[in-house]
Structures are given as C-alpha cells and as structure tokens.
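Each chain, written out:
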Amino acid sequence: MVNYGEYADNNLPMTTFPTTRLRRLRYEPNIRRLVRENVLSPEKLILPLFVRHGNNVRNPIHSMPGNFQLSVDQLVREAEEAAALGIGGIILFGIPETKDADGSTAMSDDSIVAQAVRCIKQTVGTKLLVITDVCFCEYTDHGHCGVIGRNREGMFDVDNDATLGNLVKQALVHCRAGADMIAPSGMMDGMVQALRTGMDTAGFSTVPIMSYAAKYASSFYGPFREAAESTPQFGSRRSYQMDPAAAAGQAVREVALDLKEGADIIIVKPALVYLDIVRMIHDRFEGVPIAAYNVSGEFSMVKAAAGKGWIDEKAVVLESLTAMTRAGASIILTYWAKDVVRWLG
Ligand code: PBG
C-alpha cells in the first residue's frame with residue numbers, strides 16, 4: 001500500500017531515481033505551462049492612481065518613473081486605458097488643493113476623489129472597478145492619518161476614536177460619488193466596524209470594504225509620500241501602523257478583527273518583505289480574498305536598478321508578482337499593472 005502519510009510528512013517522492021525524475025515536468029515548455037498554478041491575469045491587478053486639481057495636469061512623480069499626479073481629465077484617460085487593458089480596477093488617492101488639521105476637504109462631496117469617481121463612472125461606466133483609499137494623511141496639514149489629540153504623556157498623536165467619525169464621512173462622500181469599493185488604510189482600531197455601520201445606515205450595504213488590515217510602519221512608503229504629498233510633519237506612523245518586528249501573529253489578530261467587523265477583502269502591505277504574513281493569513285482564513293500591495297518603494301528600487309541596466313525589469317516584476325500569488329494573494333495592487341498586462345501579452 002502506498003504510504004501517503006509518509007509522503008506528506010517528509011515531502012519526499014514515493015520512489016527514488018530513476019523512477020522519479022522531477023525534471024520530467026520541466027523539459028518541455030508546454031508541460032511547464034500545464035502544471036503551473038500561480039498564473040498572473042489582468043483582472044486580478046489593481047492600479048493605484050493619484051488625482052489632483054487642475055486641468056491637463058500630468059506632474060511626474062520623480063521617485064516613481066512613469067507615474068504622475070493627474071488632473072481629473074487626464075485621470076479619466078488613464079482609467080479608460082486600464083479598462084481597455086482588462087485591468088481589474090483602479091484605486092484612487094487624492095491630493096487636495098488645501099489642507100487643514102482635520103482634512104476637511106476629504107469630507108466634502110466636492111472632494112477631489114469624489115469629482116474623479118463621478119467623472120470616471122460617467123465615462124468608463126461598469127467596465128472597471130473604481131476603488132477609493134479612505135485615509136486622512138493626504139488631506140491633513142500635519143500629514144497624519146486622522147485627528148490629532150494628546151496621548152497619556154501629553155504628546156501629540158492620532159486620536160483613534162475621534163478619527164472614526166471622520167473616516168465614515170469621507171467614505172460616504174466616496175459612496176455617494178459612486179465608488180465600487182472602499183479601502184480604509186489608516187490602521188485605526190474599530191475603523192471597519194465604524195465604516196460598515198455608517199455605510200449600511202446610509203444605504204450602501206452592498207459596497208464592499210477592502211481593509212488594509214495588516215499594514216506595517218514601513219520604510220518602503222517613501223516614494224508614495226512624495227507622490228501623495230503625505231509625509232508626516234512630525235513624529236511617525238508607528239503608533240498606528242504595525243511594528244515590523246512585532247510577532248507575526250499580531251497580523252492574524254488584525255485580520256480576524258477586521259473580518260468580524262465586516263471586511264470583505266484583506267490587504268497585506270507592503271507585499272514583498274511581508275510574504276510570510278500573506279502566507280499565514282491565507283492558511284488561517286480559508287476563503288478570504290487577500291490583496292498584496294506592491295508598494296512604491298518596491299517599485300522604485302526595481303526601476304532604479306533597471307534604469308542602470310543592472311536587472312531585467314520585466315523578468316524581476318513578473319517573478320515578484322508571481323511570488324505574491326504563490327504566497328496566497330489573489331489580488332495585487334501594483335504600479336506596474338499596465339505593463340504587466342502588456343508583458344503577459
Ligand atoms: C496611507 C497610505 C500609504 C500608502 C497607501 N496608503 C502611505 C503611508 O502609510 O504613509 C503607501 C502606498 C505605497 O507606498 O505605494 N493612506
């Protein structure tokens with residue numbers, strides 16, 4: 001009798017050479033293709049885009065070659081292109097004209113993101129999922145992800161509970177504009193529950209929440225902060241984003257809570273140096289869609305090295321995104337979304 005238990009336990013083939021030849025599945029390209037399990041496809045990709053005020057604006061983001069701060073008219077063209085390429089969706093980040101302590105422009109129905117969503121929905125319609133990032137760091141003059149209060153030591157810090165109501169207001173602005181999905185990224189406790197309740201009450205119970213559940217206080221966000229003009233003006237985000245050195249199980253707790261609070265999709269961010277977290281969450285939460293966020297620093301590093309001719313951009317990107325898929329991510333947010341679709345041909 002074949003001992004499958006032994007096979008599963010030590011991961012050894014049941015026979016040895018020459019009966020077993022693992023290269024048999026590798027000799028021919030057609031066989032390799034047949035047995036592949038981690039295959040990238042356009043509809044699983046989400047393209048992050050930055051929108052700002054003005055007309056005919058395409059401000060290059062220096063640390064992220066090929067990415068721009070776009071005015072709504074330009075953004076719509078970008079969205080049309082993404083839809084034509086069959087990309088799953090776009091996620092929008094807004095850069096407001098003015099900032100204040102509370103990020104009040106984000107809570108107005110005239111916010112830059114609301115304008116963008118309305119315009120894209122009118123032109124691109126249902127061909128593309130339009131997701132909005134819900135956070136305050138782009139809209140506050142201090143660059144933090146919520147309302148500032150004082151902590152127990154009397155130091156300035158983000159006031160968790162005071163921020164929740166504002167997050168709901170921002171999310172409702174996006175829902176009313178026609179957003180297909182809301183992606184809260186502020187790492188506030190109770191944020192998903194507040195949003196779910198607020199959205200349900202306002203009649204948006206069918207709009208899903210894609211929560212940045214496991215978001216680390218990472219050095220890989222640097223280029224994004226240039227792009228979104230959202231660098232904190234004092235302190236850091238370490239009192240709300242996760243500590244990279246914390247027990248990996250903290251991410252499990254974050255995800256479990258967000259799911260209880262009503263999250264539909266879970267984001268792990270950044271992607272590449274947190275693939276252990278993607279794998280763990282995939283194994284612990286059966287059936288939960290996981291999105292890996294291939295963040296700005298991951299993008300810029302590859303671009304820089306490729307620009308010097310040191311690595312092959314296309315090969316490195318496809319290999320990296322495949323690794324995210326293999327770790328258990330079924331969705332990938334990436335600045336390379338359009339290139340990937342072209343590369344996949
Ligand atoms: C915060 C937010 C950040 C990113 C997405 N949403 C930056 C931050 O936490 O400072 C980073 C994405 C990237 O680096 O590509 N709302």
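These remarks concern the structure in this document.

With that settled, the discussion passes to the pairing of strand E5 (residues 129-134). It is a general feature of regular strands that their side chains alternate between the two faces of the sheet. Across the 6 residues of E5, 5 count as buried, placing the element largely inside the fold. Bridge count for strand E4 (residues 89-95) against E5 is 4 bridges, and the pairing is parallel. Each bridged residue has a counterpart across the sheet, and for Leu92 the counterpart in E5 is Thr132. Since E4 and E5 lie parallel, the crossover through helix H4 (residues 112-124) that links them has a hand, and here it is right-handed. With 4 bridges connecting them, E5 and strand E8 (residues 181-184) associate as parallel partners. Each bridged residue has a counterpart across the sheet, and for Val134 the counterpart in E8 is Pro184.

This part covers helix H3 (residues 72-84). Helix length check: H3 (13 residues) gives 18 Å between terminal C-alpha atoms against 18 Å at 1.5 Å per residue, within 8%. Here the buried face of H3 lies against strand E1 (45-52), strand E2 (58-60), strand E3 (68-71), E4, H4 and helix H12 (337-344). A positive backbone phi angle near 80 degrees is found at Gly86, which sits one or two residues after H3.

In the vicinity of the ligand there are 18 residues, among which Arg225, Gln241, Lys269, Ser296 and Tyr335 approach most closely. In the model, an oxygen atom of the ligand is placed 2.5 Å from a nitrogen or oxygen of the Tyr335 side chain. Coverage of the ligand by the protein chains reaches 100% of its 410 Å² of free accessible surface. If you map the ligand onto the pockets, it falls in the largest cavity. For the shell around the ligand, the class distribution of residues is 9 nonpolar, 3 polar and 6 charged.

Residue position: Val35 is located in the loop between helix H2 (29-34) and E1. C-alpha of Val35 to C-alpha of Leu25: the two residues are 10 residues apart in sequence and 7.6 Å apart in space.

Here we take up the pattern of salt bridges. Inspection of the entire model under this criterion finds 11 salt bridges. A salt bridge links Lys121 to Asp180, with the shortest nitrogen-to-oxygen separation between them at 2.7 Å. Note that Lys121 is positioned in helix H4 and Asp180 in the loop between helix H5 (160-177) and E8, a separation of 59 residues in sequence. Judged by its relative accessible area of 21%, Lys121 falls in the partly exposed class. In this structure Asp180 comes out as partly exposed when scored by relative accessible area, which is 23%. Lys303 is the salt-bridge partner of Glu313, the closest N and O atoms lying 2.8 Å from each other. Of this pair, Glu313 sits in helix H11 (residues 313-327) while Lys303 sits in helix H10 (residues 296-307), and the two are 10 residues apart along the sequence.

Parameters at a glance
Residues numbered from 1 in each chain as written. Predicted model: local features only at pLDDT ≥ 70, side-chain atom pairs only at ≥ 80, totals over all residues. Heavy atoms only, no water. Buried < 20%, exposed > 50% of the residue type's maximum accessible area, 1.4 Å probe, protein only. Helix = DSSP H or I, 4+ residues; strand = E, 2+ residues; numbered from the N terminus. Pairing = 2+ DSSP bridges. Right-handed = clockwise from strand over helix to strand, strands pointing away. Expected span 1.5 Å × (residues − 1). Contact = heavy atoms within 4.5 Å. Near = heavy atom within 4 Å. Polar contact = N/O pair within 3.5 Å; in protein donor to acceptor, adjacent residues only side chain to side chain. Areas by Shrake-Rupley, 256 points an atom, 1.4 Å probe, with all protein chains shown as cover. 1 Å grid on protein atoms, 1.4 Å probe; cavity = no way out; pocket = protein on both sides within 12 Å on 5 of 7 lines; lining within 4 Å. Sits in = over half its atoms within 2 Å of the grid points. Nonpolar A, V, L, I, M, F, W, Y, C, P; charged D, E, K, R; others polar. Salt bridge = Lys/Arg side-chain N within 4 Å of Asp/Glu carboxyl O.

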